[in-house]
Structures are given as C-alpha cells and as structure tokens.
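Summary of the model geometry
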Amino acid sequence: MIKAVIFDVGGVLLRTEDLSGRRKWEARFGLKDWELANAVFNCPAAEAATVGRATEAEVWESVRQQFNLSQPELVELRKDFWSGDRFDDSLLDWVTSLRGCYRTGILSNAWGGARKFLAGHPKIVAAFEELVISAEEGVMKPQAEIYARAVQRLNVLPSEAVFVDDVLVNIEAAQKAGLFGVHFRAGMDVPGALKEFGVA
C-alpha cells in the first residue's frame, strides 16, 4: 500500500512554459533551441553546485565568462532565463489535498538556493512536508543513496512510496531502489496516473 508520494520539481511541479526569454539569448549567441539551458545546467560549475560543491553565484559567473557578458548583461540574462517558469498550481493543490492521508515529499537535483526558493512559494509549503535537495545531501539522482534518504525522511519503506519525475533514468533508478515510479510527460494526468497505485 502506498503511504508516500514524492515529486521532482523542475519539469514536473515547475515547468518552463514561456521560452521567449531564453530564445532571445539563444538568438543573440547563435545557439540552437535548448542550447542555452544546456550551457547553464550542464557546465562543470552547475554539476558541482548540484551536489553542494559550488555556489549558484559560481554557476552564473561561469556562464558570464563563457558568453563574455558584462555584469549588467548577466543580470538581464538571469532574469530572462527564469522568466518563463511557472508552478503547476492545480497539481500542487491536489498534492495538498493528500496531506493527512499520505506523506508528501520533494526529491530534487537542485542548487543550494533551492530550499529558500521553494519555501517562498506558499503552495509548495502547503503541499510538501519534506524536501530532499541534492545540494544539501551531497548526492544526486540517479544515485541510489538519495532515494533511500527520501523514504527515510518520510518514515516509509521504499515499497510504500511512489516517485514522479520527468527524467526516465531517475525513474528507473527509483524503481531499482524499491520505489514505484511514474514517468512524467507534458499534459499527463498525474492524479489519474497515481490512482493506478491506489493514491486518491
């Protein structure tokens, strides 16, 4: 029986719905679609920040140097980069409705500022009782240890938890760790998918 539901953040609870801010800079730099996001999220500084070995400021300084930007240009880029991100408020409301019947948690590969950012969104605070963030843990998905920590924080067995993520390798790793998994895709009916596991 499922006792806990665990969600990824980026690409699931928080999605980039408006790409115009990023496309502006990709056009300026002569990049293809999604290459700016790849440059930000997959640079060595970002990979280090995801496990707590670099700061968010160091990530953006790396981006600044890569594209030879002035500090004011970097400020503008950062603002535009995040400008199209939107929380799925209806999904968060649904998760909130589960509280009391199910344990609820977040498991996110994220930089060190993630907890402060998430704590500033009232619906995240209402929906989730535990936040497991890779930068704070020093390990990241798809490493088995971070799934073990997530279920331990929620005080459930792996077989009593279902995890929702948009990255298939993370779902496969969760399943290997003993959790159930739901591979999120755009337009998915998440409550319907979790109902198949008895979550309602």
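To keep things clear, this report deals only with the structure shown in the data block. (Residues numbered from 1 in each chain as written. Predicted model: local features only at pLDDT ≥ 70, side-chain atom pairs only at ≥ 80, totals over all residues. Heavy atoms only, no water.)

This part covers the nonpolar core. Among the nonpolar cores identified, the biggest contains 32 residues, and Phe 7, Leu 13, Trp 94, Phe 128 and Leu 194 are the most heavily contacted of them. If you list the elements that add at least two residues to this core, you get strand E1 (4-7), helix H6 (89-98), helix H7 (114-119), helix H8 (122-127), strand E5 (130-133), strand E6 (161-165) and helix H12 (190-195). Among the elements that take part in this core, H6 stands out by supplying five residues, more than any other. Not counting the four nearest positions on each side in its chain, Trp 94 is found in contact with Phe 7, Val 190, Pro 191, Leu 194 and Val 199. (Core = buried A, V, L, I, M, F, W, Y, C linked by side-chain atoms within 4.5 Å. Buried < 20%, exposed > 50% of the residue type's maximum accessible area, 1.4 Å probe, protein only. Helix = DSSP H or I, 4+ residues; strand = E, 2+ residues; numbered from the N terminus. Contact = heavy atoms within 4.5 Å.)

This part is about the packing of aromatic side chains. Evaluation of the coordinates by the stated rule reveals 14 aromatic pairs. Summarising the aromatic geometry, the rings of Phe 41 and Trp 111 are spaced 6.1 Å apart at their centres and angled 50° between planes, so their arrangement reads as tilted. In this pair, Phe 41 is assigned in helix H2 (residues 35-41) and Trp 111 in the loop between strand E4 (103-108) and H7, connecting sequence segments 70 residues apart. On the basis of relative accessible area, Phe 41 is assigned to the partly exposed category, the value being 35%. (Phe/Tyr/Trp six-rings, centres within 6.5 Å; stacked < 30°, edge-to-face > 60°.)

Helix H5 (residues 71-82) packs onto helix H1 (residues 20-29) with a crossing angle of 135° between their chain directions and a minimal axis gap of 6 Å. Taken together, H1 and H5 sit at an angle that is classed as oblique. Mapping the contact onto sequence places Gly 21, Arg 22, Lys 24, Trp 25 and Arg 28 in H1 and Glu 73, Glu 76, Leu 77, Asp 80, Phe 81 and Trp 82 in H5. Along the lines of polarity and charge, the residues of the contact of H1 with H5 split into four nonpolar, one polar and six charged. (Axes fitted to C-alpha atoms, helices over the stretch in contact; angles between N-to-C directions. Parallel < 35°, antiparallel > 145°, perpendicular 65-115°, else oblique. Nonpolar A, V, L, I, M, F, W, Y, C, P; charged D, E, K, R; others polar.)

Attention now goes to the pattern of salt bridges. With the rule as written, the count across this model stands at 19 salt bridges. Across the pair Arg 115 and Glu 136 runs a salt bridge whose closest N-O atoms are separated by 2.8 Å. With a gap of 21 residues between them, Arg 115 in helix H7 and Glu 136 in helix H9 (residues 134-137) connect regions that are remote in the sequence. Residue class for Arg 115 comes out partly exposed when judged on its relative accessible area of 34%. Classification of Glu 136 as partly exposed rests on a relative accessible area of 40%. Three or more residues joined by partner-sharing salt bridges are found here, namely Glu 137, Glu 145, Arg 149 and Arg 153. (Salt bridge = Lys/Arg side-chain N within 4 Å of Asp/Glu carboxyl O.)

Next up on the list: the packing of helix H4 (residues 56-66) against H5. Interaxial distance between H4 and H5 falls to 10 Å at its minimum, and their mutual angle equals 110°. Taken together, H4 and H5 sit at an angle that is classed as roughly perpendicular. For the element pair H4 and H5, the recorded crossing hand is right-handed. Residue-level inspection shows Glu 56, Trp 60, Glu 61, Val 63 and Arg 64 of H4 in contact with H5, the latter providing Gln 71, Leu 74, Leu 77, Arg 78, Phe 81 and Trp 82. (Left-handed = near helix turned anticlockwise from the far one by under 90°.)

Considered for burial, the residues of H1 that qualify are Gly 21, Arg 22, Trp 25 and Glu 26. For H1, the angular spread of buried residues about the axis comes to 130°, placing them on one side. Packed against the buried residues of H1 are strand E2 (14-16), H2, H5 and strand E3 (85-87). At the exit of H1 stands Gly 30, carrying a positive phi of roughly 75°. (Arc of directions from axis to C-beta.)

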